[in-house]
Amino acid sequence: IVTVIDLAKRLQLQSTTVDAENSMSVVTRLTGGVVCLRADHIGEVVQIHSDDFKEPPGTIAEQLRTVVTAVHAEPGGHLLQLLDPETLIPRVSVE
């Protein structure tokens, strides 16, 4: 059993897909186990050197401030946002 996190809902963004059939998923291993991150769309995979990332600007949306760790300005005006997957998952303590 793998937990699925809908990124649009988690980040309080408007979903661009009508149904889950058109969404994409990324499965990753985190501290607490394996999780599936569902996105409306995944573009091309790019390699960016860590030195090319900058601190997130102060104008970034409030709901993204805790999960965006860095940004990279792409040619054409696109802003890539580096998300920390560990902060996407709410911590649940079992007592």
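Just above, that's the structure.
I will try to describe carefully the structure that is included in this document. (Residues numbered from 1 in each chain as written. Predicted model: local features only at pLDDT ≥ 70, side-chain atom pairs only at ≥ 80, totals over all residues. Heavy atoms only, no water.)

### Points about the side chain of Ser 23
Note the cut-off: Comment: elements are numbered from the N terminus, with helices defined as DSSP H or I runs of at least four residues and strands as E runs of at least two. Each residue's exposure class comes from its accessible area (1.4 Å probe, protein chains only) as a fraction of the maximum for that residue type: buried when under 20%, exposed when over 50%, partly exposed otherwise. Should any heavy atoms of two residues lie within 4.5 Å, those residues are considered in contact.
For Ser 23, the position within the fold is in the loop between helix H1 (7-10) and strand S2 (24-30). When its relative accessible area of 14% is taken as the criterion, Ser 23 is described as buried. Leave out the neighbours within four places in its chain, and Ser 23 touches Arg 38, Ala 39 and Asp 40.

### What to know about the layout of surface pockets
Empty space among the atoms becomes apparent when a probe as large as a water molecule is rolled across them. Spelled out, the test is: Buriedness of a pocket was judged along seven lines, with at least five required to meet protein on both sides within 12 Å; pockets are open sets of points on a 1 Å grid over the protein atoms alone, cavities are sets where a 1.4 Å probe fits but cannot get out, and lining residues have an atom within 4 Å of a point. Grid points are joined across faces, edges and corners, and a volume is the space filled by probe spheres set on the points. Only Asp, Glu, Lys and Arg are considered charged in this grouping, and only Ala, Val, Leu, Ile, Met, Phe, Trp, Tyr, Cys and Pro are considered nonpolar; every other residue, Gly among them, is considered polar.
In this structure, the largest pocket spans a volume of roughly 1,300 Å³. Along its surface, the largest pocket is lined by 30 residues, and His 41, Ile 42, Leu 80, Gln 81 and Leu 83 are the ones closest to its centre. Broken down by secondary-structure element, the contributors of at least two residues to the lining of the largest pocket are H1, S2, strand S3 (33-39), strand S5 (79-83) and helix H2 (85-88). With 5 residues, the top contributor of residues to the lining of the largest pocket is S5. Looking at the lining of the largest pocket, its residues break down into 19 nonpolar, 7 polar and 4 charged.

### Details of the pattern of salt bridges
When the charged atoms of two side chains lie near each other, side chains of opposite charge can form a pair. Note the following rule: Should a side-chain nitrogen of Lys or Arg be within 4 Å of a carboxyl oxygen of Asp or Glu, the pair is scored as a salt bridge.
Counted by the stated rule, this structure contains 1 salt bridge. Here Asp 6 and Arg 38 are joined by a salt bridge, their closest N and O atoms 2.9 Å apart. Taken together, the residues span a long stretch of sequence, with Asp 6 in strand S1 (residues 3-6) and Arg 38 in strand S3 at a distance of 32 residues. Note on Asp 6: relative accessible area 17%, which makes it buried. Arg 38 sits in the partly exposed class, given a relative accessible area of 26%.

### What to know about the pairing of S3
Worth spelling out the cut-off: Here the rule is simple: two strands pair whenever DSSP picks up at least two bridges between them.
Two strands pair when backbone bridges link them, and S1 and S3 are joined in this way by 4 bridges, in the parallel orientation. Paired with Asp 6 across the bridge in S3 is Arg 38. Pairing of S2 with S3 involves 7 bridges; the strand directions are antiparallel. Paired with Val 27 across the strands is Cys 36, a residue of S3.

### Remarks on the sheet that holds S1
Pairing between sheet strands relies on hydrogen bonds along the backbone, with the strands arranged either parallel or antiparallel. What counts is decided by this rule: Angles run from 0 to 180 degrees between N-to-C directions of axes, and those axes are lines fitted to C-alpha atoms, restricted for helices to the stretch in contact.
Pairing is mixed across the open sheet formed by 3 strands, whose spatial order is S1-S3-S2. Each edge of the open sheet carries a strand with a single partner, namely S1 and S2. Sheet twist, expressed as the mean angle between neighbouring strand axes with direction ignored, is 30°.

### Things to note about a nonpolar patch on the surface
Defined as follows: Each patch groups residues whose relative accessible area exceeds 30% and which form no salt bridge, using 9 Å between like charges and 5 Å between nonpolar side chains of Val, Leu, Ile, Met, Phe, Trp and Tyr. Note on areas: Shrake-Rupley with a 1.4 Å probe; residue coverage comes only from the protein chains shown.
A contiguous nonpolar surface patch, about 230 Å² in accessible area, is contributed by Val 2, Val 27 and Val 34. Inspection of the secondary structure puts Val 34 in strand S3.

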